[in-house]
Amino acid sequence: MKKTRSTKNTYSSRFAPSKRKELTTPNNLTHKFSARALNLFILLPLLIAIGIVPLVVFLKVTPIPVDYQQFWITAYVFDFFSYYKAQIIIFCAGLILADALILNHLGQLPRRQLVFKIPLVVYAAMIVLSTLLSAHHSIALNGFFERYEGMWVLLAYIILMLGAYLFVSTLNQVWLILGAWIAALCIIAVLGLLQLTGNDFFQTTTGRFLILPSQYNCIANSLDFNFPKYWIYGTLYNPNNVASMMALVLPITTTCFIFSKSKIRRIGFGVLTGLFALVLAGTHARGGWIAIVIAALLLLGVFMRHKQLRYWKLLSAFTLVAVLGFTTLIWWGVNRANDVAINQDYATHSVPAIPEQLSERLIRHYGTLGSGRLYIWIRSLQMAKETLLYGRGPDTFAVYFPNQDSYKRFFNQPEAFIDKAHNLYIQIWLNLGGLATLAFIAMVVLHIVQTFKLLSKAEPSGDLYMLSSGLYAGWFAYLVAAMFYDSVVSVAPAFWIIFGLSLAVNHQMNSAINSSNCAELSTE
């Protein structure tokens, strides 16, 4: 097929230098350098948020207000993994807003359609409304201790996503951002593999001094993280967070490995895929693997393209069997709970002879399933009716969760303080409200459908198709893993930026399809 000249938008035309010979003059070389420097400056907040934030580990000591000391065992919070990440995220969002104002003043801010504009506005509005109506304004604004996902951070996520969508206009820019991210993940992988072999860098003298302010060097020798030995937590605070990050990146590197035509590229992405798979295995987290398998099925449907209609009977039967199996399992569990005498003595877990609700029976028998997630989900869903419209405020889950519940003795770690839902969607519902949850799901569904249609009609070749399908599978896998994990400042910025990059790549590919041009993104 004959290639036609690609159409550049105003933004890329403004900053992408021409290739004419006249540009070899000193003045034109200066202009070319200035354009590249300006492009890099505009992308700098995204590069910091995705390439540096995940690596930040540094002690922040924060006194706990008297009103919240009941939630903590000490009068101070010693945070290494979340506070400074949150502050940098907010800073990056501020830079993006400043860049947008400058570009708008110059008349160079791209105008692009957003298929989920209304759900996005609703989601952002509910973040603000839930904060304003919260009984715990300080936490709603700045986040809970060791989490710090308050209103400012949640709004910053949205700004990061919009920045990635609006500011990324060339294929080189996409690769630059992904390169910064993958470089950071390689560092995390090396640290993680050391932790897997029992050689945690942060437990060495050098590692301890690197993450401690000078005034706290005196505690370096006694510093110890209570993580299981031979488990990978990297710089992301928790093995679950590492699993969530690997679920986000593995579909991307795998897709690039499959579609890359260059032998060097294929070898490189193959090595990265193997490395990140090993890291995921070292987290001992099953949710990440489940997410990757489901994302692979999604891509399989895309690659089948129009042929997937041939298999609708098989897929329908499979879905029906899965639903019936799940329903049967629940029915069996309920009946088993009903058959047990309420006042029966369970060794160390005796149950008082009082009527029990169905949820309590399930907790008593199955509360430890999913590393205790079933207990957390049941108790969390019981509060859902109180936040149908708006939530109790960002990051306020820990304040309202019944940590003094008598049935918590059936939880894996009864003494543990539960400060998160271990499910992104329950987390959004309780903190921001049912309306915000529906808006968030609407955003995701609209982008899923739009991308699926786009990939189904595009030719399966070239970097555009490779990146679109890889990014698609990546953020989709993250959202599947979010059924078991939470939004955290260590991982969420990467998700929102990848989500924005997916929008940007789709925009360019859709423009190419509409103009009957299968050329790649214009390079700078």
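Residues numbered from 1 in each chain as written. Predicted model: local features only at pLDDT ≥ 70, side-chain atom pairs only at ≥ 80, totals over all residues. Heavy atoms only, no water.

(A) How the structure looks around the overall build of the chain. The number of helices and strands found in the chain is 19 helices and two strands. Taken over 524 residues, the chain has a buried fraction of 52%. A separation of at least 24 residues holds for 77% of the contacts in the chain among residues at least 6 apart in sequence. Summed over its atoms, the accessible surface of the chain is roughly 25,100 Å², and 66% of this surface lies on carbon and sulfur atoms. (Helix = DSSP H or I, 4+ residues; strand = E, 2+ residues; numbered from the N terminus. Buried < 20%, exposed > 50% of the residue type's maximum accessible area, 1.4 Å probe, protein only. Contact = heavy atoms within 4.5 Å. Areas by Shrake-Rupley, 256 points an atom, 1.4 Å probe, with all protein chains shown as cover.)

(B) Expanded view of the pattern of salt bridges. On inspection of all chains with the given rule, the structure shows five salt bridges. For the salt bridge of Arg-147 with Glu-149, the shortest nitrogen-to-oxygen distance reads 3.1 Å. The same class applies to Arg-147 and to Glu-149, which are both buried. A salt bridge links Arg-392 to Glu-386, with the shortest nitrogen-to-oxygen separation between them at 1.9 Å. Counted as one network, the salt bridges with shared partners bring together Arg-147, Glu-149 and Asp-395. (Salt bridge = Lys/Arg side-chain N within 4 Å of Asp/Glu carboxyl O.)

(C) Seen up close, the packing of helix H4 (residues 117–132) against helix H17 (residues 434–457). In contact at an axis separation of 8 Å, H4 and H17 are set at 150 degrees when each is read in the N-to-C sense. With respect to H17, the element H4 is oriented roughly antiparallel. Note on packing geometry: the crossing formed by H4 with H17 is left-handed. Each of Pro-119, Leu-120, Val-122, Tyr-123 and Met-126 in H4 lies in contact with H17, whose residues at this interface are Leu-435, Ala-436, Ala-439, Phe-440, Ala-442, Met-443 and Leu-446. Tallied by class, residues from the contact of H4 with H17 come to 12 nonpolar, no polar and no charged. (Axes fitted to C-alpha atoms, helices over the stretch in contact; angles between N-to-C directions. Parallel < 35°, antiparallel > 145°, perpendicular 65-115°, else oblique. Left-handed = near helix turned anticlockwise from the far one by under 90°. Nonpolar A, V, L, I, M, F, W, Y, C, P; charged D, E, K, R; others polar.)

(D) View of empty space enclosed by the protein. Using the criterion set out here, one finds three cavities of 30 Å³ or more in the structure. Of the residues that constitute the lining of the largest cavity, the class distribution is 12 nonpolar, three polar and two charged. (1 Å grid on protein atoms, 1.4 Å probe; cavity = no way out; pocket = protein on both sides within 12 Å on 5 of 7 lines; lining within 4 Å. Points joined across faces, edges and corners; volume = space filled by probe spheres on them.)

(E) Region of interest: unusual backbone geometry. Although it is not a glycine, Glu-146 adopts a positive phi angle of roughly 65 degrees. Along the chain, Glu-146 turns up in the loop between helix H5 (137–142) and helix H6 (151–167). The phi torsion at His-422 lies on the positive side, around 55 degrees, for a residue other than glycine. With respect to the helices and strands, the residue His-422 is situated in the loop between helix H15 (397–400) and helix H16 (424–432).

(F) Geometry of the packing of helix H7 (residues 171–196) against helix H18 (residues 462–481). Packing of H7 against H18 brings their axes to within 12 Å, and their N-to-C directions diverge by 40 degrees. Regarding the angle of H7 to H18, the classification is oblique. Like other packed secondary-structure pairs, H7 and H18 cross with a definite hand, here left-handed. Mapping the contact onto sequence places Leu-171, Val-174, Trp-175 and Leu-178 in H7 and Asp-463, Met-466, Leu-467 and Leu-471 in H18.

(G) The arrangement of the nonpolar core in detail. Tyr-123, Trp-181, Met-246, Phe-440, Trp-475 and Ile-498 are the most contacted members of the largest nonpolar core, which totals 125 residues. Beyond its immediate chain neighbours, meaning those up to four positions away, Trp-181 contacts Ile-50, Met-245, Leu-248, Val-249, Ile-252, Ala-494 and Ile-498. Listed in part, the 17 residues of the second largest apolar core include Tyr-375, Ile-378, Ala-384 and Ile-418. (Core = buried A, V, L, I, M, F, W, Y, C linked by side-chain atoms within 4.5 Å.)

(H) Layout of the pairing of strand S2 (residues 76–79). Going residue by residue along S2, you find Val-77 and Asp-79 tucked away on one face and Tyr-76 and Phe-78 left uncovered on the opposite face. Pairing analysis gives four bridges linking strand S1 (residues 60–63) to S2, with the strands arranged antiparallel. Residue pairing across strands places Pro-63 opposite Tyr-76, the latter belonging to S2. (Pairing = 2+ DSSP bridges.)

(I) Summary view of the packing of aromatic side chains. By the definition in use, this model includes 27 aromatic pairs. With centroids separated by 6.3 Å and ring planes inclined at 55 degrees, the aromatic side chains of Tyr-425 and Phe-440 adopt a geometry described as tilted. Of this pair, Tyr-425 sits in helix H16 while Phe-440 is found in helix H17, placing the two residues 15 residues apart along the sequence. Grouping residues by exposure puts Tyr-425 and Phe-440 together as buried. Arranged with centres 4.4 Å apart and planes meeting at 15 degrees, the rings of Tyr-478 and Phe-495 form a pair that is stacked. Here Tyr-478, found in helix H18, pairs with Phe-495, found in helix H19 (residues 492–514); they are 17 residues apart in sequence, far enough to count as distant. Aromatic rings pair up to connect Phe-116, Tyr-123, Tyr-157, Tyr-425, Phe-440, Tyr-472, Trp-475, Tyr-478, Phe-495, Trp-496 and Phe-499 into one cluster. One cation-aromatic arrangement involves Arg-112 over Tyr-165; the distance from NZ or CZ to the ring centre is 5.8 Å. Over the ring of Tyr-400 we find Arg-392, and its NZ or CZ is 4.2 Å from the ring centre. (Phe/Tyr/Trp six-rings, centres within 6.5 Å; stacked < 30°, edge-to-face > 60°. Lys NZ or Arg CZ within 6 Å of the ring centre and 35° of its normal.)

(J) Broad picture of a nonpolar patch on the surface. A cluster of nonpolar side chains, contributed by Val-128, Leu-129, Leu-132, Leu-133, Leu-389, Tyr-390 and Leu-435, occupies part of the molecular surface with about 600 Å² of accessible area. With three residues, the top contributor of residues to the nonpolar patch is H4. Take Leu-389: it is sitting in the loop between helix H14 (373–381) and H15. (Patch = residues over 30% accessible without salt bridge, like charges linked within 9 Å, V, L, I, M, F, W, Y side chains within 5 Å.)

(K) The arrangement of the environment of Pro-119 in detail. Relative to the helices and strands, Pro-119 resides in helix H4. Counting along the chain gives 317 residues from Pro-119 to Ala-436, while the straight-line C-alpha distance between them is 8.4 Å. In this view, Pro-119 contacts Ala-439, Ala-442, Met-443 and Leu-446; residues no more than four positions away in its chain are not counted.

(L) Region of the structure containing H4. In a regular helix each residue adds 1.5 Å, so 16 residues correspond to 22 Å; H4 covers 23 Å between its end C-alpha atoms and thus fits that length. For H4, every residue scored as buried is listed here: Pro-119, Leu-120, Tyr-123, Ala-124, Met-126, Ile-127, Ser-130 and Thr-131. Buried residues of H4, viewed axially, fall in a sector of 155 degrees; they line one side. The exposed residues of H4 that point more than 90 degrees off its buried face are Ile-118, Val-121 and Leu-132. (Expected span 1.5 Å × (residues − 1). Arc of directions from axis to C-beta.)

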